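Each chain, written out:
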Amino acid sequence: MWLRLGLFGPSPVNHRCAGAWLDGPLEPGRALQATARLGERHDLLRTTFCEQTQENGEPRLYQVIAGAASPRLVRIEGSDWSDEEVLRRAGEAARGSLDPQGEPPWRIYLIRQRAGRHLAVLVVHALLADADSDAESLLKEWRMLVEGTGLMTGQVTGLYTQHLRAQAESLESPETRGAIAWWQAQHASAPALLELPVDRPRSPVPARAGGRVSRRVGGDLPAALTAAATRAGVDVETVALAGLLAVLHRYTGQSELVVEARAARPAEKVRLGPVADRWMLRVAVAPEQGFESLLSRTRAAIATAQEHGALASLVAAMTTRAPGCQVYFHGACAEPSAVALDLGVVGHELELSIDLRDGLLLAAYDRDLFEADTVARLLGHWEMVLVGALAEPARPVAELALLVPTELKAIVHEWNATDAAHRGPDCLQALFAAQVARTPEAPAVACAGQSLTYRALHDRATRLAWRLRALGVGADVPVGLFLGRSLELAVGVLAILLAGGTYVPLDPAYPAERVGWIVADSGAVAMVTNSALAAALPPSQAQSVLVDVAFEASPVPLPRTAPATWPT
């Protein structure tokens, strides 16, 4: 943490926050006294840090504990601001710089919205508190001091120092060595990156400008989550996390997922300081298996992480690659007075949580990577997966519905509403006839200095088509076409189509054996060719029709109109 401060400077990413609405009369003096008393009770809240160079030239960080608490309460007059405006101003205040060298890096902001209505916000630096849960605990303690409830006597001193000393003494124990080795192996072999579909490319040095979105779920989902958790013998957070892992698998296609999750807080007395309470969880996803199987693996991953929980954050900090830092699952917001504050920054690409009290799915996201609509859709998909999985736990993960009803309607129905009335001819010969009617005297085909107009080409092809019909050519009857590149080739193709047949192209350069095999295999009843090429045709069942023979010389007069029966 100190190294990151030296490299990148102070940032709200390192701030841990908690907020609570206070209804009822509040004496400013009691709030000031409670803040001072809070600082007196905790030596970490009277702590500053300094760096000194040792005799060997290496820097060393020192913790300096002041004997008396300094004023840390900041009062802000809200002037009948709306709730949204109060929260916005609170977020701005919480982003204010905390200098761990100049003063104890924590504050309490008390925003008076109106008489009998305040918002209290506690902000503490990550050097003093590991997560927002520490800030929540401190704020709860401050409220008890303000309200005069609960029994809090004496000072909470030396606990973090004692914890560090105990950790240092345990480093040589086989249990601690085994835990460290296990976490190191988890980091070393983990996938390097979750292949999330981002809206913009990742920056080598992310700024982590944050945004927030939320989604109100169906009224039955919170109760269904609770019931499912009870049946499975897990907490609600584990069920919600399994649903999130199913969504991430569907997004990335990866069979092994790595997320960072908030560890369960011990029930004993609160211990401040950057104590490990985040776990890197690796969960394998088998898409062909049911959600209940994924829930079981998620529960096993949490239990294994809990078993090796000692020094998890320390090992993560010592590891050069941080595979679990993209997605962070906060768990459930269960505090009745919990208030979500937007600091405008985010520590991960995605940070997700659930609020069972208000029936919300919550997300903080990196605005440099994602659009708000993208993350909002992810929350919708998370809800749909949970709804489907809780209704049918045995359904394979790959088959769980992702799309919310509005998306399903838009993508499956509205975007595919391409039905349209057919306007115009549906076959090539009809299209050609329509063009003849539009431009009868325009050139239709040209070859070797000769050309035919649309009318002339259509007339010649029509008379040839009648000759083919006389030989039995009709719908889908194959007709050989043994002609080189010429005007006659165009006449022959169009004539066969007008007669309703299908043409079988034959290159005059083919060997006679190949031509004979194709004609026999196709079953062609006629062969359109010319006088020069007719002699090269091998014997076959197909009767030759010479395209260059004068039609007027035919013993049967032929009409000049197209055959009346069009193929369908």
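Being a predicted model, the structure only gives us computed values, none of them experimental.

Undergrad: Account for the overall build of the chain, naming residues and giving values.
TA: From N to C terminus, the chain includes 17 helices and 18 strands. The long-range share in the chain, meaning contacts at least 24 apart out of those at least 6 apart in sequence, stands at 70%. Summed over all atoms, the accessible surface of the chain reaches about 28500 Å², with 54% contributed by carbon and sulfur.

Undergrad: So, the pattern of salt bridges: which residues are in play, and what are the values?
TA: In this structure the tally under the stated criterion is 21 salt bridges. Note that Glu147 is salt-bridged to Arg143, the shortest N-O span being 3.7 Å. Here Glu147 and its partner Arg143 are both found in helix 4 (residues 132-147), four residues apart, which amounts to about one turn of the helix. Note on Glu147: relative accessible area 46%, which makes it partly exposed. Put simply, Glu256 and Arg282 hold a salt bridge, and the shortest N to O gap is 2.8 Å. Here Glu256 is found in strand 8 (residues 256-262), whereas its partner Arg282 is found in strand 9 (residues 278-284), with 26 residues between them in sequence. What emerges from the salt-bridge pattern is a single network uniting Glu85, Arg88, Arg89 and Glu92.

Undergrad: Explain the environment of Thr502 to me, and be specific about the residues and the numbers.
TA: In this structure, Thr502 sits in strand 16 (residues 502-506). Judged by relative accessible area, Thr502 falls into the partly exposed class, the value being 33%. When the C-alpha positions of Thr502 and Asp476 are compared, they lie 5.4 Å apart, and in sequence the two are 26 residues distant. The contacts of Thr502, once residues within four sequence positions are left out, are Asp476, Val477, Pro478, Val479 and Ile496.

Undergrad: How would you summarise a nonpolar patch on the surface if you had to cite specific residues and measurements?
TA: Taken together, Leu408, Ile411, Val412 and Trp415 make up a surface patch of nonpolar side chains, about 390 Å² in accessible area. In this structure, Ile411 sits in helix 12 (residues 405-414). The exposure class of Ile411 is partly exposed, given its relative accessible area of 30%.

Undergrad: Describe the side chain of Glu407, naming the residues involved and giving the relevant values.
TA: Assignment of secondary structure puts Glu407 in helix 12. Of the side chains with opposite charge, Arg377 comes closest to the buried, unpaired Glu407, at an N-O distance of 4.3 Å. The residues touching Glu407, leaving out its near neighbours within four places in the chain, are Arg377, His381 and Val412.

Undergrad: Got a sec to walk through the packing of aromatic side chains? Specific residues and values, please.
TA: All chains considered together, the criterion is met by two aromatic pairs. When the ring of Phe329 is compared with that of Trp382, the centres are 6.3 Å apart and the planes differ by 75°; the resulting orientation is edge-to-face. Linking Phe329 in strand 10 (residues 327-332) with Trp382 in helix 11 (residues 372-391), this pair joins segments that are 53 residues apart in sequence. Residues Phe329 and Trp382 agree in their burial class; the two are buried. Between Phe432 and Tyr454, the aromatic rings sit 5.4 Å apart at their centres with planes inclined by 45°, giving tilted as the arrangement. Here Tyr454 lies in helix 14 (residues 454-470) and Phe432 lies in helix 13 (residues 428-438), a separation of 22 residues in the sequence. Neither Phe432 nor Tyr454 differs from the other in exposure class; each is buried. Note that Arg514 overlies the ring of Tyr510, its terminal NZ or CZ placed 5.1 Å from the centroid.

Undergrad: Kindly report on the packing of helix 8 (residues 236-252) against helix 9 (residues 291-307), identifying the contributing residues and their values.
TA: In the contact formed by helix 8 and helix 9, the axes pass within 9 Å of each other and the chain directions differ by 115°. Both helix 8 and helix 9 take part in a crossing whose hand is right-handed. Contact residues: Thr238, Val239, Leu241, Ala242, Gly243, Leu245 and Ala246 in helix 8; Phe291, Leu294, Leu295, Thr298, Arg299 and Ile302 in helix 9. Considering only residue class, the contact of helix 8 with helix 9 consists of nine nonpolar, three polar and one charged.

Undergrad: Residues and numbers for the confidence of the model for the chain, please.
TA: A residue-level look at the chain finds 83% of positions with pLDDT of 70 or above and a mean pLDDT of 84. Every residue in residues 319-324 is under pLDDT 50, and counting partners more than four places away or in other chains gives 17 contacts. Residue range residues 552-558 is modelled with pLDDT below 50. Its contacts to residues more than four positions away, or to other chains, number five contacts.

Undergrad: Residues and numbers for the environment of Ser70, please.
TA: In this structure, Ser70 sits in the loop between strand 3 (59-65) and strand 4 (73-77). Accessibility expressed as a relative area gives 28% for Ser70, which makes it partly exposed. Spatially, the C-alpha atom of Ser70 lies 7.6 Å from that of Gly39, the residues being 31 residues apart in sequence.

Reading the values: the criteria
- Residues numbered from 1 in each chain as written.
- Predicted model: local features only at pLDDT ≥ 70, side-chain atom pairs only at ≥ 80, totals over all residues.
- Heavy atoms only, no water.
- Helix = DSSP H or I, 4+ residues; strand = E, 2+ residues; numbered from the N terminus.
- Contact = heavy atoms within 4.5 Å.
- Areas by Shrake-Rupley, 256 points an atom, 1.4 Å probe, with all protein chains shown as cover.
- Salt bridge = Lys/Arg side-chain N within 4 Å of Asp/Glu carboxyl O.
- Buried < 20%, exposed > 50% of the residue type's maximum accessible area, 1.4 Å probe, protein only.
- Patch = residues over 30% accessible without salt bridge, like charges linked within 9 Å, V, L, I, M, F, W, Y side chains within 5 Å.
- Lys, Arg positive; Asp, Glu negative; His and termini not counted.
- Phe/Tyr/Trp six-rings, centres within 6.5 Å; stacked < 30°, edge-to-face > 60°.
- Lys NZ or Arg CZ within 6 Å of the ring centre and 35° of its normal.
- Axes fitted to C-alpha atoms, helices over the stretch in contact; angles between N-to-C directions.
- Left-handed = near helix turned anticlockwise from the far one by under 90°.
- Nonpolar A, V, L, I, M, F, W, Y, C, P; charged D, E, K, R; others polar.
- pLDDT = per-residue confidence, 0-100.

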